[in-house]
Amino acid sequence: MPTYRDEAVILRTHKLGEADRIVTMLSRRHGKVRAVAKGVRRTSSKFGSRLEPFMVADVQLYEGRSLDIVQQAESLGAYGTDIAAHYDRFTAANAMVETADRLSDAEATPEQYLLLVGGLRALSRGEHVPRSILDSYLLRVMSLSGWAPSLDDCARCGAPGPHTVFVAQLGGLVCHADAPAGSPRIAEKTLALLRALIRGDWELIDAAPHADTAAASGLVAAYAQWHLERGIRSLAHVTTTPGEGAR
């Protein structure tokens with residue numbers, strides 16, 4: 001059976017037997033991969049710590065019938081320790097890898113891989129508020145998957161903006177004619193923040209008041225979970241309050 005090599009982010013792991021683990025990875029060139037890492041739960045394992053969630057590794061795999069087998073793993077980004085040391089970074093990272101795991105194999109592109117690596121790196125370094133890093137990741141990963149929210153024209157009829165109603169189920173901003181009865185209006189500051197999050201304008205994002213970031217986070221969470229068709233469980237533990245995870 002052939003072997004192959006790739007860069008991969010570890011999304012999650014499950015115990016297998018007494019000493020093995022099943023590792024789910026998002027790789028750069030092969031999409032999502034599930035593989036058995038034999039003996040990694042033993043203290044003598046040479047690469048067990050490189051195959052933990054949030055780690056980025058150069059892996060060599062043996063192609064199996066149902067599950068591949070990890071033969072080698074070299075660390076490329078040891079982000080797990082710094083992320084796990086801060087609760088807000090840890091919960092944001094969990095929501096990111098859960099989202100990456102929920103996306104279908106057909107959507108696992110090199111761009112998805114690079115976006116996730118960049119988000120985990122930013123979390124580990126405390127470059128921005130963890131919730132904002134997560135929100136930016138969610139909006140951008142949804143856009144890469146073909147579900148970009150409409151933040152200008154009406155998502156239903158295409159009528160040019162400005163519009164003031166955001167409905168996650170309809171795809172973003174909608175005009176008054178298409179807005180369901182009782183739909184809440186979105187503040188202009190919140191809309192500007194959503195646009196900044198999707199394009200990565202960190203100067204504007206970092207300067208935004210907490211009330212605006214909290215409002216934007218609620219819309220981002222609703223939008224992502226609607227299009228993934230089931231809830232992102234980790235989001236329930238993510239705080240919108242700036243904490244020790246951001247410097």
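These figures come from a predicted structure and were not determined experimentally.

Participant: Explain the overall build of the chain to me, please; I cannot follow it from the model alone.
Facilitator: Looking only at helices and strands, the chain features seven helices and seven strands. For 247 residues, the compact-globule formula gives about 18 Å, and the C-alpha radius of gyration of the chain, at 20 Å, lands near that figure. Projected onto its principal axes, the C-alpha positions of the chain cover 60 × 40 × 25 Å. The 247 residues of the chain split such that 49% are buried. A separation of at least 24 residues holds for 57% of the contacts in the chain among residues at least 6 apart in sequence. Approximately 12000 Å² of the chain is accessible, and the part contributed by carbon and sulfur atoms is 50%. Positive and negative charge centroids in the chain, built from 28 and 28 side chains respectively, lie 6 Å apart.

Participant: What's the story with the sheet that holds strand S1 (residues 3–16) in this structure? I'm lost.
Facilitator: Two orientations exist for strands paired in a sheet by backbone hydrogen bonds: parallel and antiparallel. The strand order around the closed barrel built from five strands is S1-S2-S3-S5-S4, with neighbouring strands paired in mixed fashion. Pairwise comparison of adjacent strand axes, ignoring direction, gives a mean angle of 50° for this sheet. Bridge analysis of strand S2 (residues 20–27) against strand S3 (residues 32–37) gives six bridges, and the strand direction is antiparallel. Following the sheet pairing, Thr-24 is matched in S3 by Arg-34. With respect to the sheet, helix H2 (residues 87–102) is in contact with S1, S2 and S3, its orientation differing from that of S1 by roughly 110°. Together, S1, S2 and strand S4 (55–62) form the strand contacts of helix H3 (residues 110–125), whose direction differs from that of S1 by roughly 60°.

Thresholds, definitions, all that
Each chain has its residues counted from 1, following the order in which its sequence is written. The predicted nature of this model means local features are confined to residues of pLDDT at least 70 and side-chain atom pairs, given and counted, to a pLDDT of 80 or more, with totals for whole chains, interfaces and linings taken over all residues. Only hydrogens and water are set aside; all other atoms, that is, all heavy atoms of the structure, feed into the side-chain values. Strands are runs of DSSP state E lasting at least 2 residues, helices are runs of H or I lasting at least 4, and numbering of each runs from the N terminus. We take the radius of gyration over the C-alpha atoms and set the globule estimate at 2.2 Å times the residue count to the 0.38 power. Exposure categories follow from relative accessible area, calculated using a 1.4 Å probe and restricted to protein chains: below 20% of the type maximum is buried, above 50% is exposed, and the middle band is partly exposed. Residues count as neighbours in contact if any of their non-hydrogen atoms are within 4.5 Å of one another. Each accessible area is a Shrake-Rupley estimate made with a 1.4 Å probe; only the visible protein chains count as cover when residues are assessed. Counting rule for charge: Lys and Arg are taken as positive, Asp and Glu as negative, and neither His nor the chain ends is counted. Just so you know, the charge point we use is NZ for Lys, CZ for Arg, CG for Asp and CD for Glu. DSSP bridges decide pairing: two strands pair if at least two such bridges lie between them. In this analysis, axes come from line fits to C-alpha atoms, helices being fitted only over the stretch in contact, and the angle between any two N-to-C directions falls in the range 0 to 180 degrees.

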